[in-house]
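The chain contents come next:
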Amino acid sequence: MNDEVKVDRRMLEALVCPLTQAPLSYDAERQELISKPAGLAFPIRGGIPIMLVSEARKLG
């Protein structure tokens, strides 16, 4: 299952965690943006980051 879509790195660098406003790290393998301070992983679907807390996966 490799549905990986190219993601614009500049766009990702501009995004911050909606809860903490902290920078996010990009996990290319899982197609997620990680917020360590919030303990959440936000999915990227079809190249679009889903920045909703209700859609995020809890880390841990």
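These figures come from a predicted structure and were not determined experimentally.

**Quick look at the overall build of the protein chain**
Phase 1: For the protein chain, the count of helices and strands is one helix and five strands.
Phase 2: Listed N to C, the secondary structure of the protein chain is α-β-β-β-β-β in terms of helices and strands.
Phase 3: The globule rule puts the C-alpha radius of gyration for 60 residues at 10 Å, and the 11 Å found for the protein chain is close to it.
Phase 4: Overall size of the protein chain, expressed as C-alpha extent along the three principal axes, is 30 × 25 × 15 Å.
Phase 5: Counting the 60 residues in the protein chain, one finds 32% classified as buried.
Phase 6: At a minimum sequence separation of 6, the contacts of the protein chain that also span at least 24 residues come to 27%.
Phase 7: For the protein chain, the accessible area works out to roughly 4,300 Å², and carbon and sulfur atoms hold 52% of it.

**Considerations on the nonpolar core**
Phase 1: Core analysis: the biggest nonpolar cluster contains nine residues, these being V7, L12, C17, L24, L33, L40, F42, I44 and A56.
Phase 2: In terms of residue count, strand β3 (residues 40–45) provides more of this core than any other element does, three residues in total.

**So, the side chain of S35**
Phase 1: On the secondary structure map, S35 appears in strand β2 (residues 32–35).
Phase 2: Those residues in contact with S35, other than ones at most four positions away along the chain, are C17, T20, L24, L40, F42 and L59.

**Notes on unusual backbone geometry**
Phase 1: Positive phi is not limited to glycine here, since Q21 has a value of about 65 degrees.
Phase 2: Of note in the backbone geometry, Q31 takes a positive phi value of approximately 55 degrees without being a glycine.
Phase 3: Topologically, Q31 is positioned in the loop between β1 (25–27) and β2.
Phase 4: Overall, the relative accessible area of 13% leaves Q31 in the buried class.

**Here we look at the environment of Q21**
Phase 1: Relative to the assigned elements, Q21 resides in the loop between α1 (9–14) and β1.
Phase 2: Separated by 16 residues in the primary sequence, Q21 and P37 have C-alpha atoms spaced 9.4 Å apart.
Phase 3: In terms of polar contacts, Q21 uses its side chain to reach the backbone carbonyl oxygen of P18, at 3.4 Å.

**Topic: the confidence of the model for the protein chain**
Phase 1: When pLDDT is averaged along the protein chain, the result is 90; 92% of the residues meet or exceed 70.
Phase 2: Between the elements of the protein chain, mean pLDDT differs from a low of 83, seen in α1, to a high of 98, seen in strand β5 (residues 57–58).

**Some words on the environment of A38**
Phase 1: With respect to the element layout, A38 can be found in the loop between β2 and β3.
Phase 2: By relative accessible area, which is 26% here, A38 ends up partly exposed.
Phase 3: For the pair A38 and V7, spaced 31 residues apart in sequence, the C-alpha to C-alpha distance is 23 Å.
Phase 4: Among residues more than four places away in sequence, those in contact with A38 are C17, L19 and T20.

Thresholds applied
Residues numbered from 1 in each chain as written. Predicted model: local features only at pLDDT ≥ 70, side-chain atom pairs only at ≥ 80, totals over all residues. Heavy atoms only, no water. Helix = DSSP H or I, 4+ residues; strand = E, 2+ residues; numbered from the N terminus. Rg over C-alpha atoms; globule rule 2.2 N^0.38 Å. Buried < 20%, exposed > 50% of the residue type's maximum accessible area, 1.4 Å probe, protein only. Contact = heavy atoms within 4.5 Å. Areas by Shrake-Rupley, 256 points an atom, 1.4 Å probe, with all protein chains shown as cover. Core = buried A, V, L, I, M, F, W, Y, C linked by side-chain atoms within 4.5 Å. Polar contact = N/O pair within 3.5 Å; in protein donor to acceptor, adjacent residues only side chain to side chain. pLDDT = per-residue confidence, 0-100.

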